[in-house]
Amino acid sequence: MKKSFQIGSAFVGLIVGAGFASGQEVMQYFTSFGIWGTVGGIVATLLFIFLGFTFAQLGTDLQAASHKGVIYHIGGRYIGAILDILITFFLFGVAVVMFAGSGSTFEQMFGINTIAGSIIMVTLTILTLLLNTQKIIGIIAAITPYLIAIIFIILVYSIFTTDLSLAEADAIAKEQASAAPNWLLSAFLYVSYNLAAGAALLIVMSGGVKDRKVAGWGGIFGGIMLGGLIILIHIGMFMKVDVVAGMDMPTLALAEQIHPFIGILMAIALLGMMYNTAVGMFYSFTVRFIAPDSRAYKPAVVIIGLLGFAASLVGFTTLVGKVYSTMGYLGFALIIAAIIAWFRRGVTRVS
């Protein structure tokens, strides 16, 4: 179970990037629908559990060293090739977004120059990728419990200090910008675009596990923790929606309201999540082309890292708009392919 929990925590750590931990994504995809956003969070949790379980067991069944084998397996020669190209592009793109985002965060929180902040994150990412696979998974997994603890503190504070009735909170929440026309589509879209990025590393992590039961439970644990975080953040912001309405970083605003020190801890959590996502995405991107035990791996990590830094100079907001806008469609294709694979091979049988 320890290995399963580590896989699940790393999966969460990868997906929970800056947008998630800041509360901005949860606000747009869940809280903006008021009370129904909670139901959307439950739907998203169930989807993450099923898909995490399915992709983890596929990774183990095929002993995947990269996402390529699994994607071709579930998509076939032609659809698989298209999905492979798109996923590979997005892995690089999301990592670049994290470099740009960390630069913006360092500047906003600590007054450090944007480019200097990005250089710090790029350097940490490259150094981490020079470690072996298990150490990378361990580092990513270690940050997840820290984030959960901070979010739980914010939730408890929000519940016990709210001045709003449910009806008042619901009305204010529904005035916020939403990512989709209704709560159900929003939940599916949220899972979809996160899966487009997260499935690759989950497949790679599970490929190194011999026992499909261990891998499957890793996917389940990851789905439960991810869904739990969504619901906790949503409820925390819903109860204090009058405070966080219109904020760029809602959870940071709540953390700072509790105490400036909690605000600093939340800022560190945000940077930790960006680091996790950057490491996971760049690792998955690199091993798609070069095996981790290859002589060319370490030089490739440095070169790809530097290319990522150059690309990040485009700017955080511009990158988010371009990279994330089409990821949802890719994720839907992956979800459909995973469901077909589940029915075709019965990979969800825990044995």
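Residues numbered from 1 in each chain as written. Predicted model: local features only at pLDDT ≥ 70, side-chain atom pairs only at ≥ 80, totals over all residues. Heavy atoms only, no water.

Under an unreviewed UniProt entry, the name given to the chain is Membrane protein YkvI, and the organism recorded is Oceanobacillus aidingensis.

Draft legend 1. Focus on the overall build of the chain. Counting its secondary structure elements, the chain contains 16 helices and zero strands. Compactness check: the chain gives a C-alpha radius of gyration of 19 Å against a globular reference of 20 Å for 351 residues, within 12% of the reference. Sorting the 351 residues of the chain into buried and exposed places 55% on the buried side. A separation of at least 24 residues holds for 84% of the contacts in the chain among residues at least 6 apart in sequence. Roughly 14000 Å² of accessible area belongs to the chain as shown, and the carbon and sulfur atoms make up 70% of that amount. Positive and negative side-chain charges in the chain, numbering 17 and 13 respectively, have mean positions lying 22 Å apart. (Helix = DSSP H or I, 4+ residues; strand = E, 2+ residues; numbered from the N terminus. Rg over C-alpha atoms; globule rule 2.2 N^0.38 Å. Buried < 20%, exposed > 50% of the residue type's maximum accessible area, 1.4 Å probe, protein only. Contact = heavy atoms within 4.5 Å. Areas by Shrake-Rupley, 256 points an atom, 1.4 Å probe, with all protein chains shown as cover. Lys, Arg positive; Asp, Glu negative; His and termini not counted. Charge placed at Lys NZ, Arg CZ, Asp CG, Glu CD.)

Draft legend 2. Layout of the packing of aromatic side chains. This model, assessed by the stated rule, comprises nine aromatic pairs. Ring-pair connections join several aromatic residues into one group, and the members of that group are Phe-92, Phe-99, Phe-282, Phe-285 and Phe-289. Over the ring of Phe-289 we find Arg-288; its NZ or CZ atom is 5.2 Å from the centre of that ring. (Phe/Tyr/Trp six-rings, centres within 6.5 Å; stacked < 30°, edge-to-face > 60°. Lys NZ or Arg CZ within 6 Å of the ring centre and 35° of its normal.)

Draft legend 3. How the structure looks around helix 8 (residues 166-173). What helix 8 keeps buried is the set Ala-169, Asp-170 and Ala-173. Viewed along the axis of helix 8, the buried residues span an arc of 100°, placing them on a single side of the element. Buried positions along helix 8 lie against helix 10 (212-239) and helix 11 (241-244). (Arc of directions from axis to C-beta.)

Draft legend 4. Main features of a nonpolar patch on the surface. Where nonpolar side chains cluster on the molecular surface, the patch consists of Phe-110, Phe-261, Ile-264 and Ile-268 and spans about 380 Å² of accessible area. Looking at the nonpolar patch element by element, the count peaks at three residues for helix 13 (residues 260-289). As for its position among the elements, Ile-264 is in helix 13. (Patch = residues over 30% accessible without salt bridge, like charges linked within 9 Å, V, L, I, M, F, W, Y side chains within 5 Å. Salt bridge = Lys/Arg side-chain N within 4 Å of Asp/Glu carboxyl O.)

Draft legend 5. Summary view of the pattern of salt bridges. Counting across every chain of the model gives two salt bridges. In this structure, the salt-bridge partner of Arg-288 is Asp-84, at a minimum N-O distance of 2.6 Å. Placement of the pair is Arg-288 in helix 13 and Asp-84 in helix 5 (residues 67-110), with a sequence separation of 204 residues. Of the two residues, Arg-288 and Asp-84, both sit in the buried class. Its salt-bridge partner being Lys-174, residue Asp-170 comes within 3.1 Å of it at the nearest N-O pair. The buried category is assigned to Asp-170, whose relative accessible area is 14%. The exposure class assigned to Lys-174 is partly exposed, which follows from its relative accessible area of 46%.

Draft legend 6. Looking closely at the side chain of Thr-60. Take Thr-60: it is sitting in helix 4 (residues 36-61). In this structure, Thr-60 is in contact with Ser-206, Gly-207, Val-209, Lys-210, Asp-211, Arg-212 and Ala-215, ignoring residues within four places of it in sequence.

Draft legend 7. Up close: the nonpolar core. Ranked by internal contacts, the top residues of the largest apolar core, which has 99 residues, are Phe-55 and Met-266. With 16 residues, the single largest contributor to this core is helix 13. Setting aside chain neighbours within four positions, we find Phe-55 in contact with Ile-74, Leu-195, Ala-199, Leu-202, Ile-203, Leu-334 and Ala-338. By size, the runner-up hydrophobic cluster in this structure holds six residues, among which are Ala-169, Ala-173, Phe-238 and Met-239. (Core = buried A, V, L, I, M, F, W, Y, C linked by side-chain atoms within 4.5 Å.)

Draft legend 8. Region of the structure containing the packing of helix 1 (residues 2-15) against helix 10. It is at 7 Å that the axes of helix 1 and helix 10 come closest, and there the two elements cross at 45°. By the criterion of interaxial angle, the relationship of helix 1 to helix 10 is oblique. The crossing of helix 1 and helix 10 is right-handed. Contacts between helix 1 and helix 10 involve Lys-3, Ser-4, Phe-5, Ile-7, Gly-8, Ser-9, Phe-11, Val-12 and Ile-15 on the former and, on the latter, Val-214, Ala-215, Trp-217, Gly-218, Phe-221, Gly-222, Met-225, Leu-226 and Leu-229. Looking at the contact of helix 1 with helix 10, its residues break down into twelve nonpolar, five polar and one charged. (Axes fitted to C-alpha atoms, helices over the stretch in contact; angles between N-to-C directions. Parallel < 35°, antiparallel > 145°, perpendicular 65-115°, else oblique. Left-handed = near helix turned anticlockwise from the far one by under 90°. Nonpolar A, V, L, I, M, F, W, Y, C, P; charged D, E, K, R; others polar.)

Draft legend 9. Region of the structure containing the environment of Gly-305. Position of Gly-305 among the secondary structure elements: in helix 14 (residues 297-312). In this structure Gly-305 comes out as buried when scored by relative accessible area, which is 4%. Residues Gly-305 and Ala-278, 27 residues apart in the sequence, show an inter-C-alpha distance of 9.9 Å. Setting aside residues up to four positions removed in sequence, Gly-305 forms contacts with Phe-99, Val-122 and Ile-126.

Draft legend 10. Layout of the packing of helix 6 (residues 114-129) against helix 13. As a packed pair, helix 6 and helix 13 sit with axes 10 Å apart at the nearest point and diverge in direction by 50°. When the interaxial angle is binned, helix 6 and helix 13 end up oblique. As for how helix 6 packs across helix 13, the hand of that crossing is right-handed. Facing Met-121, Leu-124, Thr-125, Thr-128 and Leu-129 of helix 6, the residues of helix 13 in contact are Leu-271, Met-274, Tyr-275, Ala-278, Val-279, Phe-282 and Tyr-283.

Draft legend 11. Representation of helix 1 within the structure. Taking 1.5 Å of rise per residue, 14 residues should cover 20 Å, and helix 1 covers 20 Å from first to last C-alpha, within 8% of that figure. The element helix 1 is largely enclosed, with a buried count of ten among its 14 residues. Buried within helix 1 we find Ser-4, Ile-7, Gly-8, Ser-9, Ala-10, Phe-11, Val-12, Gly-13, Leu-14 and Ile-15. (Expected span 1.5 Å × (residues − 1).)

Draft legend 12. Local environment of the confidence of the model for the chain. A residue-level look at the chain finds 91% of positions with pLDDT of 70 or above and a mean pLDDT of 81. Per-element mean pLDDT across the chain ranges from 55 in helix 15 (residues 316-324) up to 91 in helix 8. (pLDDT = per-residue confidence, 0-100.)

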